[in-house]
Amino acid sequence: MSIPVVTVLGRMTLAFLAATGAITTFAVHAIRQAARPPYYRQQILRQMLEIGYYSLPVVGLTAIFTGMVLALQSYTGFARFSAESAIPNVVVVSLTRELGPVLAGLMVAGRVGAAMAAEIGTMRVTEQIDALTTLSTNPFKYLIGPRLIAGIVTLPILVLVADIIGVLGGYLVGVYKLDFNDTAYLRNTVDFLQFEDVFSGLVKAAVFGFLITLMGCYHGYNSKGGAQGVGMATTNAVVSASILILTFNYFITEAFFAR
Amino acid sequence: MSPPKISLRGVTKAFGAKKVLQGIDLDVAAGESVVVIGGSGSGKSVLLKCILGLIRPDAGSIKIDGEESVDLGDDGRARTMKKFGMLFQGGALFDSLTVWENVAFGPMQSDGVVPAKARKAAIEKLGAVGLGPEICDLRPSELSGGMQKRVALARAIAREPEIIFFDEPTTGLDPIMADVINELIVKCVSDLGATAVSITHDMASARKIGHRIGMLYDGKLIWQGPVADIDRSGNAHVDQFIHGRAEGPIQMQVRKL
């Protein structure tokens with residue numbers, strides 16, 4: 001090998017820093033534009049429908065099976081030291097704090113982030129974004145602002161629904177498979193649940209919503225070179241959104257609970 | 001005397017090491033139609049996008065109605081854009097919207113025209129480019145290439161711009177449809193009394209829609225003159241281009257097989 005490891009590492013670090021800078025600039029510009037009128041209400045509603053309503057089936061399925069498997073797994077573990085009564089609590093806390101927002105975020109990143117990058121990327125390579133500008137419409141206001149707003153607003157709602165469906169999954173396994181008393185299961189679920197458990201999850205969801213739409217828009221907006229470029233933008237949008245979700249998940253958790 | 005509608009001085013643009021524009025000077029008078037010809041990759045599109053403000057030139061001045069337009073802010077840009085109409089090479093129609101919504105996009109989104117009125121105006125504009133109201137609710141993808149081009153033209157003239165840009169208006173069309181588009185361009189420009197700047201490598205189109213022709217080669221405008229003079233330009237590069245000869249001073253970068 002003629003290229004020393006240090007050179008490669010240095011190059012990668014520089015590329016990483018450059019990308020971080022570009023994304024931050026993009027995000028600041030997008031937020032600044034989205035905060036000022038005109039607001040494209042119809043676009044915001046359309047995106048909310050796209051991100052929220054149409055993601056319900058996939059997020060719902062993810063949530064119900066996650067709740068079910070959580071109940072089952074914790075039973076096999078907890079039965080060893082007779083702590084079965086903690087299962088409802090474990091299920092609801094894991095779901096609201098962690099699995100609800102993270103899994104919903106990852107599913108939406110795959111579904112919506114990819115579609116967004118592909119749509120905006122295609123608009124870029126077919127000059128539709130330039131066309132917007134020539135029609136006196138700021139693409140940041142018309143295309144990107146509504147998506148970011150919709151992502152931030154919609155993901156918490158989606159995660160709240162996922163939390164409820166996930167708890168239902170745990171309940172079904174608990175009551176019908178593990179022979180819990182249904183009243184006791186529900187009481188154990190509610191009694192130990194704290195406001196902060198749910199709230200932290202919803203904050204995460206809002207942040208994830210922002211990250212997913214930001215990555216979709218950023219990679220789409222900057223895609224070039226036809227079909228291949230759009231394909232790359234789509235991949236990058238999903239991968240970077242997923243990594244950012246997992247990274248930010250840790251830091252938000254730390255901000256909330258590491259005291 | 002009023003200033004020229006568009007005035008470029010010393011406009012340069014490079015992408016990395018590639019110098020695409022190397023000092024362009026160009027004046028376009030009000031109501032004039034200028035066609036810039038040149039080979040593929042000669043920087044024609046970049047020139048157009050610089051004037052439109054979609055690409056920021058590295059140096060030089062671009063004045064629209066005597067007002068400097070390089071480095072306008074977002075608001076100033078939106079205001080200047082109202083004077084412009086642009087026909088993109090591939091049409092660049094919004095594929096998520098119907099035909100009439102495309103044509104009415106500028107009036108509705110930027111000028112606040114109410115939908116019912118905008119739709120009526122859109123049908124009128126579609127009529128002006130020879131399209132009936134029956135295609136109004138179709139998607140752009142359901143139209144043929146020639147029809148898409150005409151819808152794009154209708155969108156470009158929808159806000160009755162003072163300046164219209166045409167990016168290779170006839171590329172990819174059959175000769176007859178190309179001529180239809182050329183005639184529509186001439187008609188629309190004269191009806192609106194607009195100033196037009198077109199880029200093309202189609203000489204038939206250039207002769208038909210232009211009053212004046214400029215040839216872009218190697219990042220410079222190497223020749224400018226009235227359409228009538230193009231055949232006796234005395235410039236070997238221009239002669240080679242308008243006659244479409246492979247032999248001449250312009251060497252294509254083709255390697256031997």
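First, a word on what this report is: a plain description of the structure on this page. All figures in this text were calculated on a predicted structure; none of them were measured in a lab.

**Examining the interface of chain A and chain B**
Of the residues lining the interface, 11 residues belong to chain A; the matching set on chain B comes to 16 residues. Its residues assigned to classes, the side of chain A that touches chain B shows two nonpolar, seven polar and two charged.

**A few points about the sheet that holds strand 6 (residues 84-87) of chain B**
All names here are of chain B. Across the sheet, which stays open at both edges, the six strands sit in the order 6-7-8-3-9-10 with mixed pairing between neighbours. Among the strands making up the open sheet, the edge pair consists of strand 6 and strand 10 (220-226). Mean inter-strand twist for the sheet, computed between neighbouring axes without regard to direction, equals 15°. Of the pairings in the sheet, the one linking strand 3 (residues 33-37) to strand 8 (residues 195-200) comprises five bridges and is parallel in character.

**So, unusual backbone geometry**
Put simply, P37(A) and P38(A) share a cis peptide bond, and its omega is 0°. By the element assignment, P38(A) lies in the loop between helix 1 (5-35) and helix 2 (41-51). Non-glycine residue S82(A) carries a positive phi angle of around 50°. For S82(A), the position within the fold is in the loop between helix 3 (56-78) and helix 4 (87-125). One non-glycine residue, E160(B), lies in the positive phi region at around 45°. Looking at the secondary structure, you find E160(B) in the loop between helix 6 (145-157) and strand 7 (163-167).

**Focus on the sheet that holds strand 2 (residues 18-28) of chain B**
Residues and elements named next belong to chain B. Spatial ordering of the open sheet is given by 2-1-4-5, a layout of four strands whose pairing is antiparallel. Looking at strand neighbours, the two that pair on one side only are strand 2 and strand 5 (67-68), the edges of this open sheet. Two strands pair when backbone bridges link them, and strand 1 (residues 6-15) and strand 4 (residues 59-64) are joined in this way by five bridges, in the antiparallel orientation. From the neighbouring strand, I6 faces strand 4, where its bridge partner is I64.

**Regarding the pairing of strand 7 of chain B**
Residue and element names in this part refer to chain B. With five of five residues buried, strand 7 is to be regarded as a mostly interior element. One ladder, built from four bridges, connects strand 6 with strand 7; its direction is parallel. For L87, the partnering residue across the bridge sits in strand 7 and is F166. When strand 7 meets strand 8, the two strands line up parallel, connected through five bridges. Within strand 8, the position partnered with D167 by the bridge is I199. Traced from strand 7 through helix 7 (residues 175-192) to strand 8, the parallel crossover comes out right-handed.

What counts and how
Residues numbered from 1 in each chain as written. Chains lettered and ligands numbered in written order. Predicted model: local features only at pLDDT ≥ 70, side-chain atom pairs only at ≥ 80, totals over all residues. Contact = placed C-beta atoms within 7 Å. Nonpolar A, V, L, I, M, F, W, Y, C, P; charged D, E, K, R; others polar. Pairing = 2+ DSSP bridges. Helix = DSSP H or I, 4+ residues; strand = E, 2+ residues; numbered from the N terminus. Axes fitted to C-alpha atoms, helices over the stretch in contact; angles between N-to-C directions. Buried ≥ 20, exposed ≤ 12 C-beta atoms within 10 Å, placed from the backbone. Right-handed = clockwise from strand over helix to strand, strands pointing away.

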